[in-house]
Amino acid sequence: MPARKPTPATISLPIEGMTCASCVLRVERALEAVPGVSDAVVNLATEKASITTDAPVDRASLVAAVEKVGYGVPAAPAAVELAVEGMTCASCVARVERALKAVPGVSGAVVNLATERATVQGTADGAALIAAIGAVGYDATPVAADPGEAEARGERKAAEARELQRDLLLAAVLTLPVFLLEMGAHLVPGVHGLIARTIGMQASWYLQFALTTVVLFVPGIRFYEKGLPALWRLAPDMNSLVAVGTLAAYGFSMVATFAPVFLPAGTVNVYYEAAAVIVTLILLGRLLEARAKGRTSDAIKRLMGMQARTARVRRGGAVVEVPIAAVASGDLVEVRPGERIPVDGEVTEGESYVDESMITGEPIPVAKAAGSAVVGGTVNQTGAFALRATAVGGDTVLAQIIRMVEEAQGSKMPIQALVDKVTMVFVPVVFALAALTFAAWLAFGPTPALSLALVNAVAVLIIACPCAMGLATPTSIMVGTGRGAELGVLFRKGEALQLLKDARVVAVDKTGTLTEGRPALTDLELAPGFDRAGVLARIAAVEAKSEHPVARAIVAAAEAEGLHLAEATGFASVTGLGVRAEVGGEPVEIGADRYMAGLGHDVSGFAAIAERLGNEGKSPLYAAVGGRLAAIVAVADPIKETTPAAIGAMHDLGLKVAMITGDNARTARAIAARLGIDEVIAEVLPEGKVEAVRHLRATQGKVAFVGDGINDAPALAEADVGLAVGTGTDVAIEAAEVVLMSGSLKGVLNAIALSRATIGNIRQNLFWAFVYNALLIPVAAGVLYPAWGILLSPAFAAGAMALSSVFVVGNALRLKRFRAAA
């Protein structure tokens, strides 16, 4: 079998030290001299080289070539991914971020509470980063790159949830009698007297002390192990609030139980039930939160579940089943009906239909035959085929999708900046408010002032926990980006979710975005006395001798209709006019109206059709068979079926639609008129597309640009948000913030609608988190007591605090129900 030609690859390389055009030329020559490099284009303005390779090329050899001619290649800052354990609220996140940014060599750090990950940019050593996190009271471990790490992390989270469930059950069983002994009289009249007559109040207090001690220091020990050291470091967090609040109630109750003489008259009372109930309810909140947070990463789990575990590979004349990790690029892999395709590849034999909905979001199976590209993780339908592996492991489309989604889920939006600023000072402010509450009640409160001061201060500490603030943004990002991935919309950066909702105009490239991106036979109108099959077969037989794109489109149309193409003889090309040959002994001529006139054929009978085709931006051709004018033909790049409806829906969303294209103005205006496009900018070069984006931004507002080719990459980078059609080139995809896997403009609608839904969801969460604290902290402090005699029990404060986090995560999970554009 002949060697298969390698697929060209593109490498982007930053270049330092260039000052003029001669520098550019020197670097290009140096790069093109590296074995395996087929082309190198260096841009002085962006200081980047785009290198096309037709064989494997080591990045180090490219760097060496650049340095040899006197220029530099800056080292790309390494990204270190760390799993961080022990974070519970937004102040934890801010503290870890601050510690990481203080490590020498760190250029940036982003910590995500929902994913419990830290992404660190720079040159700092991983051990130094882990030590810095440990110094502020949290545990960190490096995140491995293999898919098994995600499964291991899932197991750890499941084990953590089981431990929480066990501790909650123990705490609840022990707390119930404490609650009934102390609060029973408030629920059932006569209980207080019953206790006094039977075991006695002092014995009741001893029993409550014993049960509460177990609750606090067995299932509740986690709060003190984390919260108290954070307090000693003057970096209090949520655990510190819980620890101080419960220990205050527990300590006061111990004094009342064992040394009441140290308390003022009228203040001897116990609050064991408050301490025990607080721990139990917060454990309940943690468990519900852990389960809900687990559901936010369902999209990633589902994507990982689409990876095949094994593959049948042809080796040594036999077919052997091997683990997916053992498949190498170039291996021949067999796929049976109903199986998941194990790796990306190209079909070499057989044919089938493949369900690619997991990649594109489109439900209709796609026909595959020899030469077709297939994607690992998609599902083969009825036929069997063999493929040659072109990408394995982390290079497959599915692996890249998972990586993109994880990166987007771990990123921060600009809206998060406000939350970060608030939460850094929030917990210390809460301690100050609790101290102020205690002092105010002690000084001005009614008898027993000390007891009331303690209860209200504890309520302030418990109600103000900033868990909901820390979860408000990242949970929505996780669910939103995950839902987008399921619909074939990949947000490469979380910021794109926020920016896209503000787009006022959607600018689209024509070829490959609005259209199919390849010429096709769109019109074939016949003269009287001719049949379609006979004329098309003869025209295609002649055009089969030509390599022109128009000729290939006509031949493809004939083959698609199953027509037999006879051998054409005497083929000749008439420069600027057309082509001619003989098919089955009959002369066949194809060309422009000038060619037909020169042959003596009157084309006026097709005048109305020619005018219509011209208005549609198509250039008509004519065909003569056997000395008679037989047909008028048009070949064009057909508009995608989904395009008209998508543009109409964009208008319904209040968006302007502009088309930016390098095609001629007449064709562009004709297509724009058919589709209802608001503005046309035609006959522009790639740099002209950048200027067009700037013009649209200046006149219309924020611009979302949609493109698929290498020539679209500058405009994708210039736009406020770039959306690359996933069927396009790697360069375009790298330049964009959003990737549309389906290649349909419906993806743009889904991306914009999902952006609006996600940002709306985040605003709801932040409103709830901030307003909740703003309203309930004063209530917990007792501002309603003078007018209405209302106080907030610490136990109710604990329940409300736990529910706030669950509410925020539950609200984010509503995004899982987001529906795609029809």
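Predicted model, so just to flag it, every value in this text is computed and none were measured. Counting restarts for each chain, with residues numbered from 1 along the sequence as it is written. Given that this is a predicted model, residues contribute local features only at a pLDDT of at least 70 and side-chain atom pairs are listed and counted only at 80 or more, while totals for whole chains, interfaces and linings are drawn from all residues. With hydrogens and water stripped out, all remaining heavy atoms of the structure feed into the side-chain values.

1. Re the overall build of the chain
So the rule is basically this: Going along the chain from the N terminus, every DSSP run of H or I of four or more residues is numbered as a helix, and every run of E of two or more is numbered as a strand. Exposure classes here rest on a 1.4 Å probe applied to the protein chains alone. A residue is buried below 20% of its type maximum, exposed above 50%, and partly exposed in between.
Of regular secondary structure, the chain possesses 30 helices and 29 strands. Across the 822 residues of the chain, 50% fall into the buried class.

2. With respect to a nonpolar patch on the surface
Rules: In this scheme, patches are assembled from residues that exceed 30% relative accessible area and form no salt bridge. Like charges are connected within 9 Å, while nonpolar side chains (Val, Leu, Ile, Met, Phe, Trp, Tyr) are connected within 5 Å. Method for areas: the Shrake-Rupley scheme with a 1.4 Å probe, in which residue coverage is limited to the protein chains shown. For salt bridges, the criterion is a side-chain nitrogen of Lys or Arg within 4 Å of an Asp or Glu carboxyl oxygen.
Taken together, the side chains of Val425, Val429, Leu433 and Leu436 present a nonpolar region at the surface, about 340 Å² in accessible area. With respect to the helices and strands, valine 429 occurs in helix 14 (residues 416-444).

3. Description of the UniProt feature "transmembrane region" (unreviewed entry) in the chain
This is how it is decided: UniProt positions are given in the numbering used here, feature names are shortened, and annotations may be inferred rather than shown by experiment.
Within the UniProt annotation, "transmembrane region" (unreviewed entry) is assigned to residues 168-191, 203-221, 241-263, 269-288, 422-444, 450-473, 766-785 and 791-813. Helix makes up 85% of residues 269-288 and strand 0%, whereas the separation of the span's terminal C-alpha atoms amounts to 33 Å.

4. A look at the environment of alanine 94
Take alanine 94: it is sitting in helix 3 (residues 90-101). A relative accessible area of 7% means that alanine 94 is categorised as buried. Counting along the chain gives 376 residues from alanine 94 to glycine 470, while the straight-line C-alpha distance between them is 9.3 Å.

5. Some details on the packing of helix 19 (residues 532-543) against helix 20 (residues 549-560)
Rule in force here: Note on geometry: axes are C-alpha line fits, over the in-contact stretch for helices, and angles between N-to-C directions span 0 to 180 degrees. Should an angle lie under 35 degrees it is considered roughly parallel, over 145 roughly antiparallel, and from 65 to 115 roughly perpendicular; all remaining angles are considered oblique. Handedness of a helix crossing follows the sense of rotation of the near helix relative to the far helix, less than a right angle counterclockwise being left-handed and clockwise being right-handed. Between two residues, a contact is recorded if the distance between any of their heavy atoms is within 4.5 Å.
Contact pair helix 19 / helix 20: the axes reach a minimum separation of 8 Å and the direction vectors enclose 135°. Considering their axes alone, helix 19 and helix 20 lie oblique with respect to each other. The two elements helix 19 and helix 20 meet at a crossing, and its hand is left-handed. Touching Leu536, Ile539, Ala540 and Glu543 of helix 19 are Ala551, Ile554, Val555, Ala557 and Ala558, all from helix 20.

6. A look at the environment of methionine 659
For methionine 659, the location among the structural elements is in strand 25 (residues 656-660). Overall, the relative accessible area of 0% leaves methionine 659 in the buried class. In the structure, methionine 659 is positioned 12 residues away from isoleucine 671 in sequence and 9.5 Å away in space, judged by C-alpha atoms. Sequence-distant contacts of methionine 659, defined by excluding residues within four places in its chain, comprise Val508, Lys510, Leu514, Ala668, Ile671, Ala672, Ile677, Glu679, Val680 and Ile681.

7. Things to note about the packing of aromatic side chains
Counted only if it meets this: Each Phe, Tyr or Trp ring, with Trp reduced to its six-membered ring, pairs with another whose centre is within 6.5 Å; inter-plane angles below 30 degrees give stacked pairs, above 60 give edge-to-face pairs, and intermediate values give tilted ones.
According to the stated counting rule, one finds 11 aromatic pairs in the structure shown. Through successive ring pairs, a cluster of aromatic residues spans Tyr206, Phe209, Phe217, Tyr224, Tyr250, Phe258 and Tyr272.

8. Quick look at helix 7 (residues 201-217)
For clarity, the cut-off: Multiplying 1.5 Å by the helix residue count minus one yields the expected span of that helix. Each C-beta atom gives one direction from the helix axis, and the arc is the one those directions make.
With 17 residues, helix 7 ought to run about 24 Å at 1.5 Å a step, and its terminal C-alpha atoms sit 24 Å apart, in line with that. Restricting attention to buried positions, one finds in helix 7 the residues Ser204, Trp205, Gln208, Leu211, Thr212, Val215 and Leu216. The buried residues of helix 7 all sit within an arc of 135° when viewed along its axis, so they share a single face.

9. Looking at the sheet that holds strand 17 (residues 489-491)
Operational definition: Two strands qualify as a pair provided that DSSP identifies no fewer than 2 bridges between them.
Read across the sheet, 7 strands follow the order 17-29-28-27-18-25-26 without closing on themselves; strand pairing throughout is mixed. In the strand order of this sheet, the two ends are held by strand 17 and strand 26 (679-681), each with one partner. Here the strands of the sheet are splayed against their neighbours by 20° on average, with no regard to which way each runs.

10. So, the sheet that holds strand 21 (residues 578-583)
Spatially, 19-24-23-22-21-20 is the arrangement adopted by the 6 strands of the open sheet, whose pairing is antiparallel. Whereas interior strands pair on both sides, the edge strands pair on one side only; in this sheet they are strand 19 (520-526) and strand 20 (568-574). Strand-to-strand twist across the sheet, computed as the mean angle between neighbouring axes with direction ignored, equals 20°. In terms of strand pairing, strand 20 meets strand 21 through 5 bridges, oriented antiparallel. Counted as the bridge partner of alanine 572 is arginine 580 from strand 21. Along the sheet, helix 19 makes contact with strand 19, strand 20, strand 21, strand 22 (586-591), strand 23 (620-625) and strand 24 (628-636), crossing strand 21 at roughly 110°.

11. Regarding the packing of helix 9 (residues 238-258) against helix 15 (residues 449-463)
Packed helices, taken two at a time, are described by the angle between their axes plus the distance between the axes. This is how it is decided: Classification convention: Asp, Glu, Lys, Arg as charged; Ala, Val, Leu, Ile, Met, Phe, Trp, Tyr, Cys, Pro as nonpolar; all other residues, Gly among them, as polar.
Contact geometry of helix 9 with helix 15 gives a least axis separation of 8 Å together with a crossing angle of 160°. One way to sum up the angle between helix 9 and helix 15 is to call them roughly antiparallel. Pair helix 9 / helix 15 crosses with left-handed handedness. Between helix 9, through Leu241, Val242, Val244, Gly245, Ala248, Ala249 and Phe252, and helix 15, the contact on the second element is made entirely by Leu450, Ser451, Leu454, Val458, Leu461 and Ile462. Here the residues of the contact of helix 9 with helix 15 are counted per class, giving 11 nonpolar, 2 polar and no charged.

12. Brief notes about helix 20
In this model, helix 20 (12 residues) spans 16 Å end to end at C-alpha, consistent with the 16 Å of a helix rising 1.5 Å per residue. Within helix 20 the residues assigned to the buried category are Ala551, Ala553, Ile554, Val555, Ala557 and Ala558. Its buried side turned inward, helix 20 meets strand 19, helix 19 and strand 24. Once helix 20 finishes, glycine 562 follows within two positions and takes phi at roughly 70°, a positive value.

13. A few points about the side chain of glutamate 737
The condition that has to hold: Polar contact is defined as a pair of N or O atoms within 3.5 Å, subject to the rule that within protein one atom must be able to donate a hydrogen and the other to accept it, and that residues adjacent in sequence are counted only when both atoms are side-chain atoms.
In this fold, glutamate 737 is placed in the loop between helix 27 (730-735) and strand 29 (738-740). A residue is classified by how much of its surface remains accessible, and glutamate 737, at 15% relative accessible area, is buried. Only 2.6 Å separates the side chain of glutamate 737 from the backbone nitrogen of glycine 722, close enough to count as a polar contact. Excluding its chain neighbours within four sequence positions, the residues that come into contact with glutamate 737 are Leu490, Phe491, Arg492, Lys493, Ala496, Leu716, Asp720, Val721 and Gly722.

14. Here we look at the confidence of the model for the chain
Threshold: For every residue, the predictor reports its confidence as pLDDT, a number between 0 and 100.
Of all residues in the chain, 88% have pLDDT values of 70 or greater, and the mean over the chain is 83. Throughout residues 1-7 the model reports pLDDT below 50, and contacts reaching past four residues in sequence, or to other chains, amount to 6 contacts.

15. Comments concerning the pairing of strand 25
This is how it is decided: We call a crossover right-handed when, viewed with the strands running away from us, the connection from the first strand over the helix to the second turns clockwise.
Across the 5 residues of strand 25, 4 count as buried, placing the element largely inside the fold. Inspection of the sheet shows strand 18 (residues 505-509) paired to strand 25 by 5 bridges, in the parallel sense. Across the sheet, aspartate 509 pairs through a bridge with isoleucine 660, a residue of strand 25. Bridging between strand 25 and strand 26 involves 3 bridges; their strand directions are parallel. Within the sheet, the bridge partner assigned to isoleucine 660 lies in strand 26 and is isoleucine 681. The parallel pair strand 25 and strand 26 is bridged by helix 24 (residues 665-675), and the resulting crossover is right-handed.

16. Observations regarding the side chain of lysine 640
Note the threshold: Only four residue types enter the tally: Lys and Arg on the positive side, Asp and Glu on the negative side, with His and both chain ends excluded.
With respect to the helices, strands and loops of the structure, lysine 640 is situated in the loop between strand 24 and helix 23 (643-652). Glutamate 516 provides the closest opposite charge to the buried, unpaired lysine 640, separated from it by 5.7 Å. Lysine 640 has contacts with Gly512, Thr513, Leu514, Thr515, Glu516 and Gly743, leaving out every residue within four places of it along the chain.

17. Describing unusual backbone geometry
Between threonine 447 and proline 448 the backbone carries a cis peptide bond, its omega angle lying at -5°. Relative to the helices and strands, proline 448 is located in the loop between helix 14 and helix 15. Although it is not a glycine, glutamate 683 adopts a positive phi angle of roughly 55°. Among the secondary structure elements, glutamate 683 is positioned in the loop between strand 26 and helix 25 (686-700).

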